[in-house]
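Given next are the chains, with one letter for each unit.
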Amino acid sequence: MSDRRSEPADQPYRVTAPGDLTAPERVRRFRLRVLEGVGAGQLVEPTADRCAIGAHPSNDLVLGDSTASRFHCEVRITSDGPLVVDLGSRNGTTVDGVRVREAFLRDGSVVRAGATAIGFELGRDSNRIVLSPHDRFGGLVGRSVPMRALFALLERVAATDTTVLLEGESGTGKGAAAEALHRSGRRKPAPFIVVDCSAIPGPLLESELFGHEKGAFTGADTRRTGAFEAGNGGTIFLDEIGELPLDVQPKLLRVLENRTVRRVGANQHLPVDVRVVAATNRDLRGEVNAGRFRADLYYRLAVVRLEMPPLRRRPEDLAELARVVLAGLGAEPEVIDRLCTTELVDRLRAAAWPGNVRELRNYLERCLVFDEPGALEPAPAAADLLVVDPSLPFVEARRRILAEFERRYVEGLLRRHDGKVVAAARAAGINRVYLYRIARRAGRGDPDHG
């Protein structure tokens, strides 16, 4: 990399004029150059703030290396610096010889994906990231840079029928974004159909999506119209698409490609005209690498990928968001003014909000019920996570530590997945029955019934 350019150490990675809703965000440019392996000398200079790397042709930097995963890793420019994130690759990602899940890069770092070595170079110039001049899109609210960048994309996509994949943590507003896309487009007068792929047992999901004929299976006493037929002319929102069983995935792919559905037990294919918006709280590229999600279906769904920013990445939105949430809960303006003090907003900004907007809403609803700001549980200190009593016999001390770990882990896991056992077990990489067993042992009871 003899042509690598030196950069001022204090040059920021992302710049936006504070308080100016019309100013675009400026993001440091970077280049990726293949140094060793198949395609040595290949160079890409992304015009966005991230670059996906892997063997699948949908990546920004496509590797011809058989040891690289289809979706291997991604380089992102964050406010704190350039970051590389492994996408659940088979052989792992290394930075300057160290294997990492994610790591910050320096100008000149060497990233290795499989047998391919890639040089990272920071540029002198910056890319322009378009921000919306608006601080709302449907039910979504935010003046922060991540939200206005999202709004700019949503505004453009809403005017089309393009298939959209919404990614983001639980509680970030994927459902609200999907509905806002529908309400802002030409399909607004037509139905908006929601299918939660994690809430319907696998054997019934095919019928839920595509319908069935009378007598198609035991219990099919009448003909049923599926979601795709019911949503004809409108939008179908496939929530938690990452939970879709493997045997249903090729059938969904055929519907997306052919725009026809065949009810279970029928021979006739019926044409459907629907816009598809899907959502997931996991990175489907990692699911593709693990063999849990079909690459061709992912490619068909991710025509446009939009990431919903977590609440911790936009603390400046909390003051206005709290007011909007309280108003939505029916609070009068004087009550909102009394609750939304500077002290409360400061406390909101200091909290972690792992449940994002959904958790914020629950907290503010408690504040409204008791007519005063409630206590926010601080994140446990590292020293409090493991408390060992050396006065106990070794076996008993270990049993207590393991029991406490299981209790905390199961509670956090189920809370993260809204009590959905199938989704929680899959995310944890354990059998659903085993999760039930751990939950009962930890005193959680039946996770499905609280």
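Residues numbered from 1 in each chain as written. Predicted model: local features only at pLDDT ≥ 70, side-chain atom pairs only at ≥ 80, totals over all residues. Heavy atoms only, no water.

1. A short note on the overall build of the protein chain
For the protein chain, the count of helices and strands is 14 helices and 23 strands. Expressed as a percentage of its 450 residues, the buried residues of the protein chain come to 46%. A separation of at least 24 residues holds for 60% of the contacts in the protein chain among residues at least 6 apart in sequence. Of the roughly 22400 Å² of accessible surface on the protein chain, 51% is carried by carbon and sulfur atoms. (Helix = DSSP H or I, 4+ residues; strand = E, 2+ residues; numbered from the N terminus. Buried < 20%, exposed > 50% of the residue type's maximum accessible area, 1.4 Å probe, protein only. Contact = heavy atoms within 4.5 Å. Areas by Shrake-Rupley, 256 points an atom, 1.4 Å probe, with all protein chains shown as cover.)

2. Comments concerning helix α3 (residues 202-210)
Taken together, the buried positions of α3 are Leu205, Ser207, Leu209 and Phe210. Of the residues trailing α3, Gly211 is marked for its positive phi of about 85 degrees.

3. What to know about the nonpolar core
Grouped together as the largest cluster of nonpolar side chains are 34 residues, with contacts concentrated most on Leu209, Phe228, Leu238, Ile241, Leu244 and Leu252. Contributing elements (two or more residues each) for this core: α3, α4 (227-230), β19 (235-239), α5 (249-258), β22 (275-280), α6 (284-289) and α7 (295-301). With residues near it in sequence (within four places) discarded, Leu238 still touches Val195, Cys197, Leu209, Leu252, Val276, Val277, Ala278 and Ala279. Membership of the second largest hydrophobic core comes to 24 residues, among which are Leu61, Ala68, Val111 and Ile118. (Core = buried A, V, L, I, M, F, W, Y, C linked by side-chain atoms within 4.5 Å.)

4. Considering the sheet that holds strand β7 (residues 81-86)
Taken in spatial order, the 5 strands of this open sheet run β5-β4-β6-β7-β10, and their pairing is mixed. Two strands lie at the open edges of the sheet, namely β5 (61-62) and β10 (102-104), each paired on one side alone. Across 3 bridges, the pairing between β7 and β10 is antiparallel. The partner of Val85 across the bridge, within β10, is Glu102. (Pairing = 2+ DSSP bridges.)

5. Points about the packing of helix α8 (residues 318-328) against helix α10 (residues 342-350)
For the pair α8 and α10, the least separation of the axes is 9 Å and the interaxial angle reads 110 degrees. The orientation of α8 relative to α10 falls into the category roughly perpendicular. Taken together, the residues of α10 that come into contact with α8 (itself represented by Leu318, Ala319 and Ala322) are Val345, Leu348 and Arg349. Classifying every residue of the contact of α8 with α10 by side-chain character gives 5 nonpolar, no polar and 1 charged. (Axes fitted to C-alpha atoms, helices over the stretch in contact; angles between N-to-C directions. Parallel < 35°, antiparallel > 145°, perpendicular 65-115°, else oblique. Nonpolar A, V, L, I, M, F, W, Y, C, P; charged D, E, K, R; others polar.)

6. Focus on the packing of α8 against helix α11 (residues 356-370)
At a closest axis distance of 10 Å, the pairing of α8 and α11 adopts a crossing angle of 60 degrees. Taken together, the axes of α8 and α11 lie oblique to each other. Relative to α11, α8 is oriented so that their crossing is right-handed. For the pair formed by α8 and α11, the contact residues are Leu318, Leu321, Ala322, Val325 and Leu326 on the first element and Val357, Leu360, Arg361, Leu364 and Leu368 on the second. Counted by class, the contact of α8 with α11 contains 9 nonpolar, no polar and 1 charged residues. (Left-handed = near helix turned anticlockwise from the far one by under 90°.)

7. A word on the side chain of His72
Within the secondary structure, His72 is located in the loop between β5 and β6 (73-78). In this structure His72 comes out as buried when scored by relative accessible area, which is 0%. Reaching out from His72, the side chain makes a polar contact with the side chain of Ser89 at a distance of 3.4 Å. Once residues within four sequence positions are removed from consideration, His72 is found in contact with Ile53, Gly54, Asp86, Leu87, Ser89, Gly92, Thr93, Ala113 and Gly114. (Polar contact = N/O pair within 3.5 Å; in protein donor to acceptor, adjacent residues only side chain to side chain.)

8. A closer look at the pairing of β7
Within β7, 6 of the 6 residues are buried, which leaves it mostly tucked inside the rest of the structure. Where β6 lies against β7, 6 bridges are found, and the strand directions are antiparallel. The residue of β7 that forms the bridge with Val75 is Val84. Two successive antiparallel strands, β6 and β7, enclose a turn made up of 2 residues.

9. A look at the pattern of salt bridges
The tally for this structure, following the rule as stated, stands at 30 salt bridges. For the salt bridge of Arg282 with Glu243, the shortest nitrogen-to-oxygen distance reads 2.9 Å. Of this pair, Arg282 sits in the loop between β22 and α6 while Glu243 is found in the loop between β19 and α5, placing the two residues 39 residues apart along the sequence. The exposure class assigned to Glu243 is buried, which follows from its relative accessible area of 5%. In this structure, Asp296 and Arg294 form a salt bridge, with 2.7 Å as the shortest nitrogen-oxygen distance. The partly exposed category is assigned to Arg294, whose relative accessible area is 30%. (Salt bridge = Lys/Arg side-chain N within 4 Å of Asp/Glu carboxyl O.)

10. Some thoughts on the confidence of the model for the protein chain
Predicted confidence across the protein chain gives a mean pLDDT of 86, with 89% of residues reaching 70 or more. pLDDT under 50 marks residues 1-9. Its contacts with residues more than four places away, or in other chains, come to 22 contacts. Segment residues 379-385 is flagged for pLDDT under 50; beyond a separation of four residues in sequence, or across chains, it makes 3 contacts in the model. (pLDDT = per-residue confidence, 0-100.)

11. Topic: the sheet that holds β19
Each strand in a sheet pairs with its neighbour through backbone hydrogen bonds, running either in the same direction (parallel) or in the opposite one (antiparallel). As summarised here, the arrangement of the 5 strands in space is β16-β19-β22-β15-β23, forming an open sheet in which the pairing is parallel. At either margin of the open sheet sits one strand with a lone partner, and together these are β16 (192-196) and β23 (304-307). Each neighbouring strand pair of the sheet contributes to a mean axis angle of 20 degrees, computed without reference to strand direction. As defined by bridge partners, strand β15 (residues 164-167) adjoins β23 across 4 bridges and the pair is classed as parallel. Among the inter-strand pairings, Leu166 is bridged to a residue of β23, identified as Leu306.

12. Quick notes on the environment of Glu372
Note that Glu372 resides in the loop between α11 and α12 (394-416). Spatially, the C-alpha atom of Glu372 lies 6.3 Å from that of Leu339, the residues being 33 residues apart in sequence. Those residues in contact with Glu372, other than ones at most four positions away along the chain, are Leu339 and Cys367.

13. A closer look at unusual backbone geometry
Even without glycine at this site, Glu240 takes up a positive phi of about 50 degrees. Considering the arrangement of structural elements, one finds Glu240 in the loop between β19 and α5. Look at Glu240 and you get buried, because its relative accessible area is 10%. Positive phi values are uncommon outside glycine, yet Asn356 reaches one of about 55 degrees. Topologically, Asn356 is positioned in helix α11.

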